[in-house]
Each structure stands twice: as structure tokens, then as C-alpha cells.
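Residues per chain are reported as follows:
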Amino acid sequence: MHDPAEFRALHLDRFLAEPDIFAAPGRVNLIGEHTDYAEGFVMPAAIDFATLAAISPRGDGKIVVYSENYGKERVFDAVNLPVEASLHWSDYPMGVVAMLARDGCEIPGFSLSLWGDVPLGSGLSSSAAVEVATALAVVSLNGARYTGAQIARLCQRAENEFVGANSGIMDQFISANGAEDHALLLDCRDLSYRLVPLPANVALVIANTMVKHAVAGGEYSCRRAEVEEACAVIARHRPEVKFLRDATVDDLANWGSEMTANALKRGRHVITENLRTVAAADALERGDMAEVGRLMAEAHWSYSHDFEASCVEADAMVELAQDLPGLLGARLTGGGFGGCTVNLVERSKAPAFAEALAGRYEGRIGIHPQIHICHASGGAHRLEAAAVAGGPVEKKT
Ligand code: ADP
Ligand code: MG
């Protein structure tokens, strides 16, 4: 996370007003891929990277949004909010503002500064971090009360309905509700969840393949359609099956022959991934890291072979980690076709692990990967004054 005191000074300098500051983290999914829209289970953890949002009220009815990452600001009118996206970074914060307004929240004028260290567009959910930090900041101005789950839903709607990205609830939910040293097992059906402890001596090592093969989300929609086809075939025989969450491996054995080969494989991934995700949470609770590692390996195999959402580079990153000292489990995380792998690694061995993995990956693929050593961090929150206070800051006159 960037230095909050520096960020406060930056906002004060630009807007001549003392801000309140909020932080919302990025995330990594430990297990449970493409299960969210089948009303299944996911198990992400919030990570150390976060977006900070500084907010102060304005008397002129304007909304001024500034991103330190882009070095740019945009001005809006609080009583005449944008109704559609403008293919600009400000769509993310303004989508949240628009959803709050749609929710009946009164929107006053304000100045909002954003500054994040979640790598943008790397699959660690900088978008959810911006949305959730913005939501907490704006809600704090008018005293509205939102639970973490409501904040997550609101931000998901901002991303789906305003920005126009077809994402599930996981990213916003973990950013809003994550807990230090815990993963979160989320039931995407009813948003009930369980915090699951991660051992203090285990690091989350996130290895970015630096490639992304999916073209404009086409593969995502295609996989989703195949998952729905598998579900529809099962539902013909068992109408109580509304989503693959309700289906079993027996259903596939009974009626898989009525599906296309692809739908059968995608269905098998989702059904077994749901089982693995719950089993991984149970194993973590027992402290059985060997079982967690085994489930992650199985999940990667399923994601790569049944769901066919991996790629040469991601398979290499997982394979090259296998015999490195300290590795407990590795798999491709996120939407697939590139992006990052997540590795559970004994903390004391994490730096050497990261260096060796980077060397091996560069040797095989010819690209130097970014590797981040993280820990499971807390969810979105307001920063206490003490955390924000650096040295004295001169107020401009
Ligand atoms: P990811 O969520 O995996 O990082 P996305 O494409 O979903 O990737 O979201 C990235 C987008 O979110 C950026 O292109 C930008 O529009 C917006 N964004 C993220 N962080 C910031 C920030 N600090 N300031 C302004 N916009 C941001
Ligand atoms: Mg995103």
C-alpha cells in the first residue's frame, strides 16, 4: 500500500481540504475458478496491494475525481451524473457513484483522489479495489449504512451495468470483507461466507506470466455458454438443477453422453471444482497443507485439461514451481488464458522460491515474470488518523 501520509498531503495540496482516507485491497483466488456464475464456491484472499481513496466535501456541487496513477482529473456535476460509461478510468469510480444514486443515496459534491499499487489489468483486481475504496469514501459523506456484502453488490453492479464488464461478485466481495491472515470461502449462491485461517508461516507468492491470450473476453463467454449447456442437459432430467452448483458427478455419468464433448468437460471442471474448493477450506482449517496442495494441483489440471483455460506459459509457471523448496501448492488463478499463478510457499523460503521461479520461467519462456510475495491482508477500511498523520503538512492559502 502506498504511504497514506504522502497521499493525504497530495490530496490536501490539490484540493486544499483535509480528506478522510479509505483503503481497499486487491485479491488473489486460491481455488474455485469459473464456479461463481454457477452459484458455486470460491476461496479468495485479499492481498497487500491496495487502492487508497481520499475524499473531502465540496461546496460547489461538483465531483472532481483525480487518479494519481494516471496523473489526471475529471470534473462531473453532482446533480447531473453521467448515465453511461465513457471508456475512461473514471468509469469505475463514477459507476459506483451512479449506482449509489440509483440506490436512493443523496450524492453531494466532493473531491476524490485515488492512488493504488494493485498492478492494473494483471488479474489482481485493481478494478474492485477502486470501486470498493470509492464506495466506502462516498458513503462516509452522507452517513448511509451499508454492510460489506451490500458494498460488494453495489460495486459489482457498477462494474456490470455501468462499466460493462461481465464479472462475478468475488472480487468486490473479498475486497470489502477480507480478513488478515485468512482466506474467505464464499458461497456465491447466497453470499454466506466463512473465514478460513492461513498459517502465518505461509506466503502467497503471485507469479505473473506477463501474457494474456483471451481476445476481448470471447473465451470467457464461450466457456460460460458451454457450462450453461451442461446444466441445461442435466436439468432436462432433474429440473431442480438450476445451476451446476446443484449437479453431481453422477449426473455427468448418467447424462454426459447427451452433451457435446466440450460441455461435458466444462461441466466436469465446475462440478469437481466446487467440491475441491470446499474440501480445500476444510483442509486449511485442519492445517492440512499437504491436502491443500494436492487439491490445488488437481484444480490446475482440471482448469488446464477439462476447462481448457490455461496456456503454455501458465502451465510452465506451475510445472517449474513443483520441485522448488518451500512449495506447498500452485495453480493458475483468475479468468484464465494467462495472467497469474498463485503459489502457497513456506514464508522463510519465499524469496529464494521467487528468484528461482523467475529464472526458470525466463529460461523456458523468454519473458521475465513479475513475482510478488504477499500475505492475506484485511478488507476495505477507513484509515485511522494516526496511520495518515505523517509530518506536519502545510495548507496552501
Ligand atoms: P484488474 O481488475 O485485473 O486490475 P481491470 O481491467 O478489471 O483489471 O481493471 C483495470 C482498470 O481499473 C484500469 O484500466 C483503470 O481503468 C481502473 N483502475 C484501476 N486502478 C485505478 C486507479 N488507481 N486509478 C484509476 N483507475 C484505476
Ligand atoms: Mg477487474
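Bear in mind that the values here come from a model prediction, so they are computed numbers and not experimental data.

A. Molecular detail of the overall build of the protein chain. For the protein chain, the helix and strand inventory stands at 12 helices and 12 strands. Relative to the compact-globule value of 21 Å for 397 residues, the protein chain shows a C-alpha radius of gyration of 22 Å, a close match. When its C-alpha atoms are laid out on the principal axes, the protein chain stretches across 70 × 50 × 40 Å. Counting only residues that meet the buried cut, the protein chain has 55% of its 397 residues in that class.

B. Structural view of helix H8 (residues 261-286). If you check H8, its first and last C-alpha atoms are 37 Å apart, about what 26 residues at 1.5 Å a residue would give, namely 38 Å. Phi for glycine 287, located one or two positions after H8, is positive at around 75°.

C. Examining the pairing of strand E4 (residues 72-77) more closely. Pairing of strand E3 (residues 62-67) with E4, which is carried by six bridges, proceeds in the antiparallel orientation. If you follow serine 67 over to E4, its bridge partner there is lysine 72. Counting the residues in the hairpin turn of E3 and E4 gives four residues, including glycine 71, whose phi is positive at 65°.

D. Geometry of the site of ligand 1. Around ligand 1 sit 16 residues, and of these Ser67, Asn69, Gly121, Ser126 and Ser127 come closest. One of the backbone N or O atoms of glycine 121 is found 2.8 Å from an oxygen atom in ligand 1. One nitrogen or oxygen atom from the side chain of serine 126 is found 2.6 Å from an oxygen atom belonging to ligand 1. In isolation ligand 1 exposes 560 Å². Once the protein is present, 81% of that is buried. Taken together, the residues of the shell around ligand 1 sort by class into seven nonpolar, nine polar and no charged.

E. View of the packing of H8 against helix H9 (residues 289-306). In contact at an axis separation of 9 Å, H8 and H9 are set at 165° when each is read in the N-to-C sense. With respect to H9, the axis of H8 lies roughly antiparallel. As for how H8 packs across H9, the hand of that crossing is left-handed. When H8 is examined against H9, the residues Lys265, Arg266, Arg268, His269, Thr272, Glu273, Arg276, Ala279, Ala280, Ala283, Leu284 and Arg286 are found in contact with a partner set consisting of Met289, Glu291, Val292, Leu295, Glu298, Ala299, Ser302, Tyr303, His305 and Asp306. For the contact of H8 with H9, the per-class residue count stands at nine nonpolar, four polar and nine charged.

F. Representation of the domain arrangement of the protein chain within the structure. Each assigned domain of the protein chain is listed here: domain 1 (4-197 + 377-388) and domain 2 (202-374). The C-alpha-based centres of domain 1 and domain 2 are spaced at 27 Å. Interface area for domain 1 against domain 2, summed over the two sides, is near 3100 Å², with a carbon-plus-sulfur share of 63%. Run the count over domain 1 and domain 2 and you get five salt bridges. The salt bridge involving aspartate 187 is made with arginine 245; its shortest N-O contact spans 2.7 Å. Inspection of the region where domain 1 meets domain 2 yields 21 residue pairs in polar contact (both at pLDDT 80 or more). Put simply, the parts of the chain that give the side of domain 1 that touches domain 2 at least two residues each are strand E1 (20-31), strand E2 (41-57), strand E6 (182-187) and strand E7 (193-197). Taken together, the residues of the side of domain 1 that touches domain 2 break down into 17 nonpolar, seven polar and six charged.

G. View of the packing of aromatic side chains. Taken as a whole and assessed by the stated rule, the structure comprises five aromatic pairs. Between the aromatic rings of tyrosine 70 and tryptophan 89, the centroid separation amounts to 5.7 Å while the plane-to-plane angle is 10°, which identifies the pairing as stacked. Placement of tyrosine 70 in the loop between E3 and E4 and of tryptophan 89 in the loop between E4 and helix H2 (91-102) is noted, with a sequence separation of 19 residues between them. With relative accessibility at 43%, the residue tyrosine 70 sits in the partly exposed group. By relative accessible area, which is 12% here, tryptophan 89 ends up buried. Ring plane angle 75° and centroid distance 5.3 Å describe the contact between phenylalanine 173 and tyrosine 193, whose orientation is recorded as edge-to-face. Here tyrosine 193 lies in strand E7 and phenylalanine 173 lies in helix H5 (residues 170-177), a separation of 20 residues in the sequence. Since its relative accessible area comes to 1%, phenylalanine 173 is described here as buried. Just above the ring of tyrosine 66 sits the side chain of arginine 14; from NZ or CZ to the centre is 3.7 Å.

H. Layout of the environment of proline 369. On the secondary structure map, proline 369 appears in the loop between helix H11 (350-365) and strand E11 (370-374). Overall, the relative accessible area of 3% leaves proline 369 in the buried class. Along the backbone, proline 369 and leucine 12 are 357 residues apart, and their C-alpha atoms lie at a distance of 37 Å. What proline 369 contacts, discounting residues up to four positions off in sequence, is Asn208, Met210, Met317, Ala358 and Tyr361.

I. Structural view of the sheet that holds E11. If you trace the four strands from one edge of the open sheet to the other, you get E9-E10-E8-E11, paired in antiparallel fashion. Lying at the two open borders of the sheet, with one neighbouring strand each, are strand E9 (327-332) and E11. Here the strands of the sheet are splayed against their neighbours by 20° on average, with no regard to which way each runs. Where E9 and strand E10 (residues 338-346) come together, five bridges link them in antiparallel fashion.

J. Focus on the side chain of arginine 266. Looking at the secondary structure, you find arginine 266 in helix H8. Each residue touching arginine 266, except ones within four places of it in the same chain, is listed here: Arg223, Glu226, Val227, Asp306, Phe307 and Glu308.

Conventions and cut-offs
- Each chain has its residues counted from 1, following the order in which its sequence is written.
- For this description, chains carry letters from A and ligands carry numbers from 1, given in the order in which they are written.
- The model is predicted, so local features are restricted to residues of pLDDT at least 70 and side-chain atom pairs to those at 80 or more, both for listing and for counting; the totals for chains, interfaces and linings are taken over all residues.
- Derived side-chain values reflect all non-hydrogen atoms in the structure, with water molecules and hydrogen atoms excluded from consideration.
- Numbering of helices and strands starts at the N terminus; helices are DSSP runs of H or I of at least 4 residues and strands are runs of E of at least 2.
- Values of the radius of gyration come from C-alpha atoms, whereas the globule rule sets the reference at 2.2 Å times the count of residues to the power 0.38.
- For each residue, the accessible area found with a 1.4 Å probe, counting protein chains only, is set against the maximum for its type, and the residue is called buried under 20%, exposed over 50%, and partly exposed in between.
- Take the residue count of a helix, subtract one, and multiply by 1.5 Å to get its expected span.
- Strands are labelled as partners when DSSP assigns at least two bridges between them.
- Here a residue is considered near a molecule or strand provided that any single heavy atom belonging to it is located within 4 Å of it.
- Polar contact criterion, stated in full: a pair of N or O atoms within 3.5 Å, where within protein one must be able to donate a hydrogen and the other to accept it, and residues adjacent in sequence count only if both atoms are side-chain atoms.
- Method for areas: the Shrake-Rupley scheme with a 1.4 Å probe, in which residue coverage is limited to the protein chains shown.
- Note that Gly is not counted as nonpolar here; it falls among the polar residues with everything else outside the nonpolar set of Ala, Val, Leu, Ile, Met, Phe, Trp, Tyr, Cys and Pro and the charged set of Asp, Glu, Lys and Arg.
- Think of each axis as a best-fit line through the C-alpha atoms, taken over the contacting stretch in the case of a helix, with angles from 0 to 180 degrees between the N-to-C directions.
- Roughly parallel means an angle under 35 degrees; roughly antiparallel, over 145; roughly perpendicular, 65 to 115; everything else is oblique.
- For a crossing to be left-handed, the near helix must be turned anticlockwise from the far one by less than a right angle; the clockwise case is right-handed.
- By the convention used here, residues are in contact when the closest approach between their heavy atoms is within 4.5 Å.
- Note: domain ranges come from an automatic or database domain assignment.
- When two parts are put together, the accessible area they lose, computed with a 1.4 Å probe and summed over both, is reported as buried area.
- Salt bridges are defined by distance alone: a side-chain nitrogen of Lys or Arg within 4 Å of a carboxyl oxygen of Asp or Glu.
- Aromatic rings from Phe, Tyr and Trp, with only the six-membered ring used for Trp, were paired whenever their centres fell within 6.5 Å, and each pair was classed as stacked if the ring planes differed by under 30 degrees, edge-to-face if by over 60, and tilted otherwise.
- We count a charge as sitting over a ring when the NZ of a lysine or the CZ of an arginine lies within 6 Å of the ring centre and within 35 degrees of the ring normal.

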